[in-house]
Amino acid sequence: MEGIAADSRNAAPVATTGADTVAKEIVISSLRKSFGGNEVLHGIDLTIAGGDFVGLMGPNGAGKSTLIKILDGVYERSSGEVRYGGEPVASLGGRPEVGFIHQDLGLVDELSISDNLRLGEPPLRRLGPIVDRRRERADAARCLAEVNLDLPVDALVGALSPGEKTLVAIARALGRGAEVLFVDEATSTLPPADSRRLLTALKETAGKGATVIMVSHKLSEILDATHRVVLLLDGRIVEDSLAASLDRHALVSMLVAREKSETAGAGLHERTAAHTIGGEELLRFEDIHRGPVRGIDLSVRAGEVVGLTGLPGSGLHDLAHLAHGTLRPTAGKVVRRDGARSALVPPHRETEGGFAEQSVLENLTISSLERWRSPLRLLRGGKERDDAKEMVERLSVKPADPQAIFGTLSGGNKQKVVFGRVLMSRPSIYVLSEPTRGVDVGTRLEIYNLIDELAAAGAAVLVVSSDSEDLFAVCDRIAVVTDGRLSAFLTADETNPQELEAFI
Ligand SMILES: Nc1ncnc2c1ncn2[C@@H]1O[C@H](COP(=O)(O)OP(=O)(O)O)[C@@H](O)[C@H]1O
Ligand SMILES: [Mg+2]
């Protein structure tokens, strides 16, 4: 792996053929940020040449979003300097040539695409108060064409897929003249087909001379799209390499080696060849119907990991809720073996999962308090704290402090805590919906190891995921939900990620 100097002032600008202008250079020097007394960025030095495509990677809580929010002017830096085209600036925010796509896209579902594109700008006027709707529509159509989005400009944004929404947000930034785009984890919640469209749009934009800075945990995206990979760890830049000098394996070791030596080296997770297949059936779907789901039969046995995948709108995530019992089928039935308890990791853990005001410890233990009660019904706080501490370490939750307030954690760390709560409740059936969504590479591998251990200990595990890597890493059998039914089950050896992704 060919590393280049951490401040990388010699990074080559990307070819800019076809561009009217080349974006200005951004130079970040000695940038620090503290929240209260806690410093989370410890002196960032980073130079981004106009036209570069930078993949910003790093574990959850490393400070990626904080850096981007400082550049946008959402947070103030504690010290340091930012120069844009040679000029010192307070931030890069508030100028049309720099676009920020945060994870919350800032679109209004109830408005049309065209109105969203113009949000916050004065209407185009024809004469006096008469709004020039035709020109607004023509402008909107031009913006959409820039990102290859073939949709009527009158369509309501609320009716779009998550990927289309992200493209609208990018179209809006480009339509306002953005030459620099910061894109923070836009693809982590998108199904593969939407991610691919988004990446294509970003690559085309960069090809025209724009600068793109993209945060992502997905190795294939980073390797496919970016020119340069910057790794942020604990508020410091620890690697800065040309993407061409990296392959998947090198990237994994770069990401993982620095935090967890025990998962490094082997590269990606290898599926444990045999979970104990043939155990007792713990969960069964009998001809389940609900919404788009029209007749699904499924059986999950003790010691087995079963994977389900499918398109958005296929009812895929409803199946997780049906398995857990938080949704009821309109026809058919879900049978759990007598006494078998299930626990659910919900797909949208950012919003469904946690208690913002409570500590990490309380969020971890709330579903299993009985475990720490003594025969006299007193809560054994010491044991509870030890177990919480162990889980925090196991999942590398940052900060590694069980007393931290859940609401102040970064998105990926919130996800880990909700996952940890499910693990601590020790059910016999695990229903894991998008188990690795938004988590960093090290945690992804740790979650795969955990799933293997759960199965080895005799649990039945249902993994519902639109990430084919999850399915191949841990599942004994995989099925695709299409047209409300399950395709035949396949084993990981009978298919491959490309074939499977063609369905989702
Ligand atoms: N508003 C805030 N108040 C206190 N701490 C914060 C705040 N925002 C972020 N942090 C802390 O800063 C660190 C970096 O978070 P973040 O930039 O969101 O990480 P990343 O985007 O790399 O996952 C984390 O430890 C997080 O808890
Ligand atoms: Mg973030």
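Residues numbered from 1 in each chain as written. Chains lettered and ligands numbered in written order. Predicted model: local features only at pLDDT ≥ 70, side-chain atom pairs only at ≥ 80, totals over all residues. Heavy atoms only, no water.

**Some thoughts on the side chain of Asn 60**
Let me state the cut-off plainly: Strands here are runs of E lasting at least two residues and helices are runs of H or I lasting at least four, both read from the DSSP assignment and numbered beginning at the N terminus. N or O atoms closer than or at 3.5 Å make up a polar contact, with two conditions inside protein: a donor-capable atom paired with an acceptor-capable one, and, for residues adjacent in sequence, both atoms drawn from side chains.
By the element assignment, Asn 60 lies in the loop between strand S3 (53–57) and helix H1 (64–72). A polar contact of 3.4 Å, which involves the side chain of Asn 60, links it to the side chain of His 217.

**Points about the packing of aromatic side chains**
Definition in use: In this analysis, rings of Phe, Tyr and Trp, with Trp reduced to its six-membered ring, are considered paired at centre separations within 6.5 Å, and the interplanar angle assigns stacked below 30 degrees, edge-to-face beyond 60, and tilted for intermediate values. Relative accessibility decides the category of a residue: with a 1.4 Å probe and only protein chains considered, values under 20% of the type maximum give buried, values over 50% give exposed, and everything between is partly exposed. We count a charge as sitting over a ring when the NZ of a lysine or the CZ of an arginine lies within 6 Å of the ring centre and within 35 degrees of the ring normal.
Using the criterion set out here, one finds two aromatic pairs in the structure. Ring plane angle 80° and centroid distance 5.2 Å describe the contact between Phe 35 and Tyr 75, whose orientation is recorded as edge-to-face. Residue Phe 35 is located in strand S1 (residues 26–35), and its partner Tyr 75 is located in the loop between H1 and strand S4 (79–84); the two are separated by 40 residues in the primary sequence. Relative accessible area serves as the criterion here: at 35%, Phe 35 is assigned to the partly exposed category. Taking relative accessible area as the criterion, Tyr 75 reaches 29% and is therefore assigned partly exposed. Here the aromatic rings of Phe 100 and Phe 182 are separated by 4.8 Å at their centres, their planes lie at 5°, and the arrangement is stacked. In this pair, Phe 100 is assigned in strand S6 (residues 98–101) and Phe 182 in strand S9 (residues 180–184), connecting sequence segments 82 residues apart. Classification of Phe 182 as buried rests on a relative accessible area of 1%. One Lys or Arg, Lys 33, reaches over the ring of Phe 35 and ends 5.2 Å from the middle of that ring. The aromatic ring of Phe 489 is capped on one face by Arg 477, whose charged end is 4.4 Å from the ring centroid.

**Comments concerning the site of ligand 1**
Applicable threshold: Proximity is defined per residue: if any heavy atom of the residue lies within 4 Å of a molecule or strand, that residue is considered near it. Exposure was quantified through the Shrake-Rupley algorithm and a 1.4 Å probe, taking into account, for residues, occlusion by the shown protein chains and nothing else. The nonpolar class holds Ala, Val, Leu, Ile, Met, Phe, Trp, Tyr, Cys and Pro. Asp, Glu, Lys and Arg form the charged class, and all remaining residues, Gly among them, are polar.
Contacts to ligand 1 come from 13 residues, most closely from Gly 61, Gly 63, Lys 64, Ser 65 and Thr 66. Ala 62 is positioned such that a nitrogen or oxygen atom in its backbone is 3.2 Å from an oxygen atom of ligand 1. At a separation of 2.6 Å, an oxygen atom of ligand 1 approaches a polar side-chain atom of Thr 66. Starting from 560 Å² of accessible surface for ligand 1 in isolation, the protein chains cover 79%. Among the elements that line the shell around ligand 1, the one with the most residues is H1, at three residues. A breakdown of the residues in the shell around ligand 1 according to their chemical character gives five nonpolar, seven polar and one charged.

**Considerations on unusual backbone geometry**
Omega for the bond connecting Lys 398 with Pro 399 falls within 30 degrees of zero, at 0°, which places this linkage in the cis form. At Asn 148, a residue that is not glycine, the phi angle is positive and equals roughly 55°. Its location among the elements puts Asn 148 in the loop between helix H3 (133–146) and helix H4 (162–175). The backbone of Ser 396 sits at a positive phi, close to 45°, despite the residue not being glycine. Here Ser 396 lies in the loop between helix H11 (381–394) and helix H12 (411–424).

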